[in-house]
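Results of the structural survey
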Amino acid sequence: MANNSTPTSLWNFSLPLIVTPPSNTNEQQREQSPSAIHGIGGERKQRTLRLSINARERRRMHDLNDALDELRSVIPYAHSPSVRKLSKISTLYLAKNFILLQAQAIDELKKCVLRASLMNSQPGTILSQSSAMDFHNTDQLNDG
């Protein structure tokens, strides 16, 4: 086992001790601050950097809001002036549910097409009423 000055890790090799430096006084911190190092030019650079970061974040938020507005325009919900605009999270939930609903509709349509193709390949089978309706709907889709 290692001596008391060096703790051992879980993998049985020694780890160096972490020594924290004594806290700086206010005067030492001022001397080490970027504005003190770079002078007035450093303050201008920091301000310019902060302004560009803020502008980039503002553009990002505008882009996000524009994308959510476009999403709201294509998902089904009441678009009248008396209805409050959906929140961001509500828009995302509604879009997710709409996508899941569309996926279920596609799955059901695939099942109907498969059932119809199986029935067409087996002549003389008796169709139930629901299967007959599936054929009728499938024929309308094929004719359209």
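A brief report on the enclosed structure follows. (Residues numbered from 1 in each chain as written. Predicted model: local features only at pLDDT ≥ 70, side-chain atom pairs only at ≥ 80, totals over all residues. Heavy atoms only, no water.)

**Thoughts on the pattern of salt bridges**
A side chain with one charge may pair with a side chain of the opposite charge, provided their charged atoms come close. Filter applied, for reference: The term salt bridge refers to a side-chain nitrogen of Lys or Arg lying within 4 Å of a carboxyl oxygen of Asp or Glu. Only runs of H or I of at least four residues qualify as helices and only runs of E of at least two qualify as strands under DSSP, and these elements are numbered from the N terminus. Categorising residues by exposure relies on relative accessible area from a 1.4 Å probe, with only protein chains included: less than 20% of the type maximum marks a residue as buried, more than 50% marks it as exposed, and the intermediate range marks it as partly exposed.
Summed over the entire model, instances satisfying the criterion amount to 4 salt bridges. Between Lys85 and Asp69 there is a salt bridge whose closest N-O contact spans 3.8 Å. Residue Lys85 is found in the loop between α2 (34-74) and α3 (88-121), and its partner Asp69 is found in helix α2; the two are separated by 16 residues along the sequence. Overall, Lys85 belongs to the exposed group, its relative accessible area being 56%. Residue Glu108 is joined to Lys111 by a salt bridge in which the shortest nitrogen-to-oxygen separation is 3.6 Å. Residue Glu108 and its partner Lys111 are located together in helix α3, separated by 3 residues, close to a single helical turn.

**Quick look at the environment of Ala95**
What counts, and what does not: A contact between two residues is defined here by any heavy atoms of the two lying within 4.5 Å.
Summarising the element assignment, Ala95 is placed in helix α3. On the accessibility criterion, Ala95 (8% relative accessible area) is buried. Apart from the residues within four sequence positions on either side, Ala95 is in contact with Leu71 and Ile75.

**Focus: α3**
One turn of the α-helix equals 3.6 residues, which is why residues spaced by three or four share an orientation. Our working definition: Expected helix span is given by 1.5 Å per residue-to-residue step, counting one fewer step than there are residues.
Compared with the 50 Å implied by 1.5 Å per residue over 34 residues, the 50 Å span of α3 between its first and last C-alpha is a close match. Looking at α3, one finds that the buried residues are Thr91, Ala95, Cys112 and Ala116.

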